[in-house]
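Residue-level structural notes
Listed below are the residues making up each chain.
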Amino acid sequence: MIAGIGVDVVHVQRMKRWREIPGLLERYFHHEELAAAMERGAAADLSLAARFAAKEAFGKALGKGLEGITLKDIMVRNRHNGQPEIRVQGTALAALTQSGAACIHVSLTHEKDNAIAMVVLEK
């Protein structure tokens, strides 16, 4: 049973600006997310934008936004086959548990200037 759906879009330029502000990316992204994104070289900003969109989409799928959730507690990573997944801990895990959902599905896409994420929470 579907517990919630969320979609978000992030303009890639936003990540380019954020990279210029010391410590800002570290506030919003888990260190593993940052390391994986930076390994992508020129595509790092696309990767970060897609991951930030997934965090926002997760909040929307919860039906309450990201209030009270530490964004670093939502980690977007790729499985061995490249499929994205969301791992939650701390405040994000508590919010997921409170929602009654047990499974998180995520899809990411990006094209030139924009990155889009869709999250479906399943009970």
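Above this text you will find the structure in question.
Some thoughts on the sheet that holds strand β5 (residues 114–122)
As summarised here, the arrangement of the three strands in space is β1-β5-β4, forming an open sheet in which the pairing is antiparallel. Of all strands in the sheet, those with a lone pairing partner are β1 (2–11) and β4 (103–111), marking the two edges. Strand-to-strand, the axes of this sheet are offset by a mean angle of 10 degrees, without reference to chain direction. Alignment of β1 against β5, held across nine bridges, turns out to be antiparallel. Opposite G6, over in β5, you have V119 as the bridge partner.

Comments concerning the nonpolar core
F58, I86, V119 and L121 are the most contacted members of the largest nonpolar core, which has 38 residues in total. If you tally residues by element for this core, the top one is helix α4 (residues 44–62), at eleven residues. Sequence-distant contacts of L121, defined by excluding residues within four places in its chain, comprise M1, I2, A3, G4, F58, A61, L62, L96, A101, C103 and I104.

Let's talk about the pattern of salt bridges
Using the criterion set out here, one finds six salt bridges in the structure. Here E85 makes a salt bridge to R77, at a shortest N to O gap of 2.7 Å. According to the relative accessible area criterion, E85 is buried, its value standing at 8%. In this structure, the salt-bridge partner of E85 is R87, at a minimum N-O distance of 3.4 Å.

Some points on the pairing of β5
In this structure, β4 lies alongside β5, joined through nine bridges in antiparallel fashion. Directly across from H110, in β5, lies its bridge partner A115. Where β4 hands over to β5, the hairpin turn is made up of two residues, of which K112 adopts a positive phi near 50 degrees.

Observations regarding the pairing of strand β3 (residues 84–88)
Within a regular beta strand, the side chains point alternately toward one face of the sheet and then the other, so they alternate between its two faces. β3 sits mainly inside the fold: four of its five residues count as buried. Inspection of the sheet shows strand β2 (residues 74–78) paired to β3 by five bridges, in the antiparallel sense. When the sheet's bridge partners are listed, N78 is paired in β3 with P84. Once β2 ends, the chain turns through five residues before running back antiparallel as β3, passing G82 with a positive phi of about 95 degrees.

What counts, and at which threshold
Residues numbered from 1 in each chain as written. Predicted model: local features only at pLDDT ≥ 70, side-chain atom pairs only at ≥ 80, totals over all residues. Heavy atoms only, no water. Pairing = 2+ DSSP bridges. Helix = DSSP H or I, 4+ residues; strand = E, 2+ residues; numbered from the N terminus. Axes fitted to C-alpha atoms, helices over the stretch in contact; angles between N-to-C directions. Core = buried A, V, L, I, M, F, W, Y, C linked by side-chain atoms within 4.5 Å. Buried < 20%, exposed > 50% of the residue type's maximum accessible area, 1.4 Å probe, protein only. Contact = heavy atoms within 4.5 Å. Salt bridge = Lys/Arg side-chain N within 4 Å of Asp/Glu carboxyl O.

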